[in-house]
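So the chains spell out like this:
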Amino acid sequence: MTLEDTKAARVEELARAKVNLALHITGQREDGYHLLDSLVVFPKVGDRIAVEAAPDLSLQITGDFAEKIQGDPSDNLVYKAAQMLAEHVPNASGTRIELEKSLPVAAGIGGGSADAAATLRALAKLWGTSPAPADLARLSLSLGADVPMCLEEKPARIRGIGEIIEPVADFPSGAIVLVNPMIEISTPTIFRALEKKDNAPLPEMPEEFESMKALANWLKSCRNDLQKPAISQAAEISEVLDLLASQPDTLLARMSGSGATCFALCETLEDAQSIATHLQDLHSDWWIRAAEV
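Please read these numbers as outputs of a predicted model, since none were measured by experiment.

Novice: Mind laying out the sheet that holds strand 9 (residues 175–180), listing which residues take part and the relevant values?
Specialist: In space, the 4 strands of this open sheet follow the order 10-11-9-12, with antiparallel pairing throughout. Taken across any chain shown, the strands that pair with only one partner, and hence form the sheet edges, are strand 10 (252–255) and strand 12 (287–292). Ignoring which end each strand starts from, the neighbouring axes of this sheet average 20 degrees apart. The sheet contact formed by strand 9 and strand 11 (residues 262–266) spans 5 bridges and is antiparallel. Across the sheet, the residue bridging to alanine 175 is cysteine 266, located in strand 11. Relative to the sheet, helix 9 (residues 269–282) contacts strand 9, strand 11 and strand 12, its axis offset from that of strand 12 by approximately 175 degrees.

Set out below in structure tokens:
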């Protein structure tokens, strides 16, 4: 089989949302990057990336939130990811990239990082080659601290600035409800509002979680250190959290990342869909999705 035989005509990838089930801020480096200890999951909901060979590199953006990120394509992480990988792949070619933007922007669920990671995965398949996984993870870190963890899209404990990734084996199956009250939040603003930056790391993690309920019970001993400062900037987050926590099928309600997206863990997809439908009836202007974890 030749290298040309390994190439694909068109490749599509789902750029799954990144959800911080727990997020402890444990320090700050001299270069300004914050150190963290976090448990992340990637529900089956996200943006979509499609790539195909073309004379030149181009980026087309569609979807519900396309207008939020229109502008100079070279400023987009998707475009930067394609440029970066092309520099390290000898048989790279021009590429037409389509980004269907379905995740809200500045929402604490890693949309831009997930898009960049999905672009790297898609182009590796399109071109039929890529750097070794460790090299690709190292390269992707230059695009942002969240990009390496989004490459694998598997439950993981994340430390350092995001580059220390420890997959969590035998993760329990369940579902999640994601809710954003259509508020964009600046991550730097939230970090500036964080009063204490040398918090304790995650408590000792069990060798395995027998069920989603067991996971939720352990998570109750954890926190999101950015939740309080985010609420100080956007009180609507409290309304979302209170509403999610009040639902009978909610195992745990918390904010993800720097907000304003919040989540409810559920045992089944049916439970999550029931909550999502109820909340959508109450707040038709909110972004609400139910998905498997």
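That was the structure; now back to the text.
Novice: Provide a residue-level description of the nonpolar core, including the pertinent values.
Specialist: Residues Val177, Ile237 and Leu244 are the most contacted members of the largest nonpolar core, which totals 66 residues. Counting residues per element, this core draws most heavily on helix 2 (residues 111–127), at 9 residues. Setting aside residues up to four positions removed in sequence, valine 177 forms contacts with Leu244, Cys262, Phe263, Ala264, Cys266, Ala272, Ile275, Ala276, Ile288, Arg289 and Ala290. Counting 30 residues, the second largest nonpolar core, distinct from the first, contains Phe171, Ile176, Leu178 and Trp218.

Novice: So what about the environment of glutamate 267? Which residues, and what values?
Specialist: Structurally, glutamate 267 can be placed in the loop between strand 11 and helix 9. Using a relative accessible area of 40% as the deciding quantity, one classes glutamate 267 as partly exposed. Distance in space between the C-alpha atoms of glutamate 267 and glutamate 163 is 30 Å, their sequence separation being 104 residues.

Conventions used here
- Residues numbered from 1 in each chain as written.
- Predicted model: local features only at pLDDT ≥ 70, side-chain atom pairs only at ≥ 80, totals over all residues.
- Heavy atoms only, no water.
- Pairing = 2+ DSSP bridges.
- Helix = DSSP H or I, 4+ residues; strand = E, 2+ residues; numbered from the N terminus.
- Axes fitted to C-alpha atoms, helices over the stretch in contact; angles between N-to-C directions.
- Contact = heavy atoms within 4.5 Å.
- Core = buried A, V, L, I, M, F, W, Y, C linked by side-chain atoms within 4.5 Å.
- Buried < 20%, exposed > 50% of the residue type's maximum accessible area, 1.4 Å probe, protein only.

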